[in-house]
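Next come the chains, spelled out residue by residue.
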Amino acid sequence: MDKGTIIYIGGFELPDKNAAAHRVIANGKLLRDIGYNVHFMGISNERIYSNKTFYGFNSSALKYPNSIISWFEYITTFKDYIKLIESYSNVHSIICYNLPSGSLYRLLKYCEKKEIKIFSDCTEWYIAPKTGNFLARTVKSWDIKLRMNNLHIKLDGVIAISSYLDTYYSNQGVQTLQIPPLIDKEDSKWPTSILQKNNTTVNLIYSGSPFALTKGSEVKDRLDLIIDGLYLISKTFTDFKLTILGIDLRGFLLVFPDYKDKLLSLGELIDWKGRLPHNEALDLLKKSDYSIFLRDTNLVTTAGFPTKFVEALSCGIPVLTNRNSNLADYLIEGKNGFWIETNSEETIYKSLLEVLKINREDLNDLKKDLLKSKTFDYKNYLMDFKEFLR
């Protein structure tokens, strides 16, 4: 039964260029299963973008803002969205994925006038950068405050990626739905069996963008702490390898120049792969023993939820991490991951070493059991989303 069209708008690059794309595609499949037609309008780096179809969804895109002028234009974009909305005669609602406040405000007023529901898919609460162009930083700061504190509470509801965002908005009387990053368990990219290993080398993998490649940038993932722990371990135990995706050695040293000697000492125990296509990153993840990431506790990490956690578990790979976001709702010690204590280099060293020395047979059994889990399959949330949109 066709319940109408939902227009999904935001800074995602379909089909798989960023974490946002993976989230909205899974949500789109969910919406389609409960009876809605979904049209995505994201962004693209292509010089000329023509409408495309991904996973059976119609998709259009705005040009990726690659200059200050184009960025200012993007955060106030309105006409392109209205043109798309008015091309459909049966629009049920608009879902705005972290949409800038200028565009969001104008869409809100339009939807109120046309009696169309408008929701936010809220997955972040970023802090304005401290470096770079002063005007851009000022606008970014006001954009975040206006969107998060004022506009979201006026919408018909907020789809929150974390318990922090869910609680924040529900306490203000906003209708909320907490949805972590989801996957389609039936998609062929997710494995149905694990790669059986008999060798003793423990393969760790980190995948992500830990920070912007400028000095003084905000650090999201504490790759430096992982290196600290492995450096101490390498003095007595070297039967491990860390593969790093998303950043190369040069980029890391740009932000952490003092780590040159440690990295020279670790040598080939760390393999820097840089940025890779998503399918290649998944292939390397499937061949690993553990996915690892560490984060400080702050507004950014508490409000967000790591997609890399979901992808690892969906590949049957246990996760090594510290307590951040609401991961404690999902990570079961010894079943799908292990907590790494980050109080000091010594606690990182001890908790990491304990995991690295787990018996290979026990690790293979853990991975086989983990692969059976459907915790993040979008089908688990069909009824919740159905009620939310009613």
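In what follows, the structure referred to is the one given above.
Criteria and thresholds
Residues numbered from 1 in each chain as written. Predicted model: local features only at pLDDT ≥ 70, side-chain atom pairs only at ≥ 80, totals over all residues. Heavy atoms only, no water. Helix = DSSP H or I, 4+ residues; strand = E, 2+ residues; numbered from the N terminus. Salt bridge = Lys/Arg side-chain N within 4 Å of Asp/Glu carboxyl O. Buried < 20%, exposed > 50% of the residue type's maximum accessible area, 1.4 Å probe, protein only. 1 Å grid on protein atoms, 1.4 Å probe; cavity = no way out; pocket = protein on both sides within 12 Å on 5 of 7 lines; lining within 4 Å. Points joined across faces, edges and corners; volume = space filled by probe spheres on them. Pairing = 2+ DSSP bridges. Axes fitted to C-alpha atoms, helices over the stretch in contact; angles between N-to-C directions. Expected span 1.5 Å × (residues − 1). Contact = heavy atoms within 4.5 Å. Phe/Tyr/Trp six-rings, centres within 6.5 Å; stacked < 30°, edge-to-face > 60°. Nonpolar A, V, L, I, M, F, W, Y, C, P; charged D, E, K, R; others polar. Core = buried A, V, L, I, M, F, W, Y, C linked by side-chain atoms within 4.5 Å. Polar contact = N/O pair within 3.5 Å; in protein donor to acceptor, adjacent residues only side chain to side chain. Right-handed = clockwise from strand over helix to strand, strands pointing away.

Peer 1: Help me get a handle on unusual backbone geometry, residues and values and all.
Peer 2: Generally, phi is negative for residues other than glycine and the peptide bonds are trans, each holding for most cases. A cis amide bond, omega 5 degrees, links Leu14 with the succeeding residue Pro15. Counting through the fold element by element, Pro15 comes out in the loop between β1 (5-10) and α1 (19-33). With a phi close to 55 degrees, Tyr55 is a non-glycine residue in the positive phi region. If you trace the backbone, Tyr55 turns up in the loop between β3 (52-54) and β4 (57-63).

Peer 1: So what about the pattern of salt bridges? Which residues, and what values?
Peer 2: In total, this model carries 23 salt bridges according to the counting rule given. A salt bridge links Glu346 to Lys350; its shortest N-O distance comes to 4.0 Å. Of this pair, Glu346 and Lys350 both sit in helix α13 (residues 345-356), four residues apart, which is roughly one turn of the helix. Residue Lys350 is classed as exposed on the basis of its relative accessible area of 52%.

Peer 1: Requested: an account of empty space enclosed by the protein, with residues and values cited.
Peer 2: Scanning all chains against the criterion turns up two cavities of 30 Å³ or more. Estimated volume of the largest cavity: approximately 180 Å³. As for the largest cavity, its lining consists of 19 residues, and the residues nearest its centre are His22, Ala26, Leu182, Ile183 and Lys189. Among the secondary structure elements, those contributing two or more residues to the lining of the largest cavity are α1 and α12 (307-314). At seven residues, the largest contribution of residues to the lining of the largest cavity is made by α1.

Peer 1: Can you explain the sheet that holds strand β12 (residues 290-292)? Please cite residues and give values.
Peer 2: With parallel pairing, six strands are arranged side by side in an open sheet as β11-β10-β9-β12-β13-β14. With one partner strand each, in any of the chains shown, β11 (270-274) and β14 (337-339) form the two edges of the open sheet. The average undirected angle you get between the axes of adjacent strands in this sheet is 20 degrees.

Peer 1: Describe helix α4 (residues 101-114), naming the residues involved and giving the relevant values.
Peer 2: Here α4 spans 20 Å end to end across 14 residues, near enough to the 20 Å set by a 1.5 Å rise per residue. The set of residues buried in α4 consists of Ser101, Ser103, Leu104, Leu107, Leu108, Tyr110 and Cys111. Residues of α4 that are buried in the fold lie against β1, α2 (68-74), α3 (79-85), β5 (91-97), β6 (117-122) and α5 (134-151). Downstream of α4 by a residue or two, Glu115 has a phi angle that is positive, lying close to 55 degrees.

Peer 1: Kindly report on the sheet that holds β6, identifying the contributing residues and their values.
Peer 2: Strand order in the open sheet made by the eight strands is β3-β4-β2-β1-β5-β6-β7-β8, with mixed pairing throughout. In this open sheet, the two edge strands, each paired with only one partner strand, are β3 and β8 (176-178). Taking the axes of each pair of neighbouring strands and ignoring which way they run, one obtains an average angle of 25 degrees across the sheet.

Peer 1: Give a detailed account of the packing of aromatic side chains, specifying residues and quantitative values.
Peer 2: Using the criterion set out here, one finds 23 aromatic pairs in the structure. A ring pair is formed by Phe256 and Tyr259, whose centres lie 5.7 Å apart and whose planes are at 75 degrees; its orientation type is edge-to-face. The pair Phe256 / Tyr259 is uniform in exposure class, with both members buried. When the centroid spacing of 6.3 Å and the interplanar angle of 75 degrees are considered together, the rings of Tyr290 and Phe338 count as edge-to-face. With Tyr290 in strand β12 and Phe338 in strand β14, this pair connects stretches of sequence that are 48 residues apart. Take Tyr290: its relative accessible area is 1%, and that puts it in the buried class. Among the aromatic residues, those joined into a cluster by ring pairs are Tyr8, Phe12, Phe40, Phe57 and Tyr97.

Peer 1: Describe the packing of α4 against α5, listing the residues and the values that go with them.
Peer 2: In contact at an axis separation of 9 Å, α4 and α5 are set at 35 degrees when each is read in the N-to-C sense. Contacts between α4 and α5 involve Ser101, Gly102, Leu104, Tyr105 and Leu108 on the former and, on the latter, Asp143, Leu146, Arg147 and Leu151. Here the residues of the contact of α4 with α5 sort into five nonpolar, two polar and two charged.

Peer 1: Go over the nonpolar core with me, naming the residues and quoting the values.
Peer 2: Leu31, Phe252, Phe309 and Phe385 are the most contacted members of the largest nonpolar core, which totals 101 residues. Considering every element that reaches this core, the biggest residue donor is α1, with seven residues. Dropping the residues within four chain positions of it, Phe309 is found in contact with Phe293, Val319, Leu327, Tyr330, Leu331 and Phe376. Counting 25 residues, the second largest nonpolar core, distinct from the first, contains Cys96, Leu99, Leu104 and Tyr110.

Peer 1: So, the environment of Ser162: which residues are in play, and what are the values?
Peer 2: As for its position among the elements, Ser162 is in the loop between β7 (157-160) and α6 (163-170). Setting aside anything within four residues of it in sequence, one finds Ser162 in contact with Gln178, Thr302, Ala303, Gly304, Ser325 and Asn326. A polar side-chain atom of Ser162 sits 3.3 Å from the main-chain amide nitrogen of Leu165.

Peer 1: Residue-level account of the pairing of β1, with values.
Peer 2: Extensive coverage of β1 is indicated by the burial of six of its six residues. Residues Thr5, Ile7 and Ile9 of β1 are buried on one face, and the alternating residues Ile6, Tyr8 and Gly10, pointing to the opposite face, are buried as well. Two elements, β1 and β5, share six bridges in a ladder whose sense is parallel. If you follow Ile7 over to β5, its bridge partner there is Ile94. Pairing analysis gives five bridges linking β1 to strand β2 (residues 37-44), with the strands arranged parallel. Across the sheet, Thr5 pairs through a bridge with Asn37, a residue of β2. Read as a crossover between parallel neighbours, the route from β1 over α1 to β2 is right-handed.

Note that every value here comes from positions in space, so none of it alone points to a role or purpose.
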